[in-house]
Amino acid sequence: MTIQYISGACPFLAQLDISGCVDLTDKALKFIRKGCKNLRVLIMLYCRNMNKGTVSKLKSTIDVVEWNGNIPPPSFKLHLNSVASLVVTQK
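For the structure given in this document, a descriptive report is provided here. If you're wondering where the values come from, they're calculated on a predicted model, not measured in any experiment.

**Brief notes about unusual backbone geometry**
For step 1, the next point in the chain: The phi torsion at Tyr46 lies on the positive side, around 65 degrees, for a residue other than glycine.
For step 2, the next point in the chain: Turning to its location among the elements, Tyr46 is positioned in the loop between strand E2 (41–45) and helix H3 (52–58).
For step 3, the next point in the chain: Taking the relative accessible area as the measure of exposure, Tyr46 reaches 16% and is therefore buried.

**Quick word on the pairing of strand E3 (residues 64–68)**
For step 1, the next point in the chain: Here E2 runs beside E3; their pairing, made up of five bridges, is parallel. Its bridge partner being in E3, Met44 is matched across the sheet by Trp67.
For step 2, the next point in the chain: Remark: the E2/H3/E3 crossover connection has right-handed handedness.

**Thoughts on the nonpolar core**
For step 1, the next point in the chain: By size, the foremost hydrophobic cluster in this structure holds 21 residues, and its most contacted members are Ile18, Leu29, Ile32, Leu39, Leu42, Met44 and Met50.
For step 2, the next point in the chain: The set of elements that each furnish at least two residues to this core consists of helix H1 (3–9), strand E1 (13–17), helix H2 (26–35), E2 and H3.
For step 3, the next point in the chain: Among the elements that take part in this core, H2 stands out by supplying three residues, more than any other.
For step 4, the next point in the chain: Those residues within four positions of Leu29 in sequence are excluded, and the remaining contacts are Leu42, Met44, Met50, Thr54, Val55 and Leu58.

Parameters and conventions
- Residues numbered from 1 in each chain as written.
- Predicted model: local features only at pLDDT ≥ 70, side-chain atom pairs only at ≥ 80, totals over all residues.
- Heavy atoms only, no water.
- Helix = DSSP H or I, 4+ residues; strand = E, 2+ residues; numbered from the N terminus.
- Buried < 20%, exposed > 50% of the residue type's maximum accessible area, 1.4 Å probe, protein only.
- Pairing = 2+ DSSP bridges.
- Right-handed = clockwise from strand over helix to strand, strands pointing away.
- Core = buried A, V, L, I, M, F, W, Y, C linked by side-chain atoms within 4.5 Å.
- Contact = heavy atoms within 4.5 Å.

Rendered as structure tokens:
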């Protein structure tokens with residue numbers, strides 16, 4: 001499942017945790033911003049290929065944005081390019 005697909009198919013997505021998806025870039029954030037209009041929480045720990053300015057733009061439309069571009073510690077289990085959790089609100 002890709003971020004492009006999720007952002008297009010899940011318009012009622014409220015929370016998204018993509019922590020550890022180290023290969024995601026600013027392009028993925030653009031898909032999220034355009035497609036996930038109801039997103040309120042976005043967690044992106046260890047997403048090191050994202051620009052601080054692009055992340056800052058998300059903060060104007062999403063209530064909670066957690067991000068760091070650090071290298072994951074060895075104890076962190078990486079699931080490259082996988083979505084860790086999805087929460088969809090009901091209509």
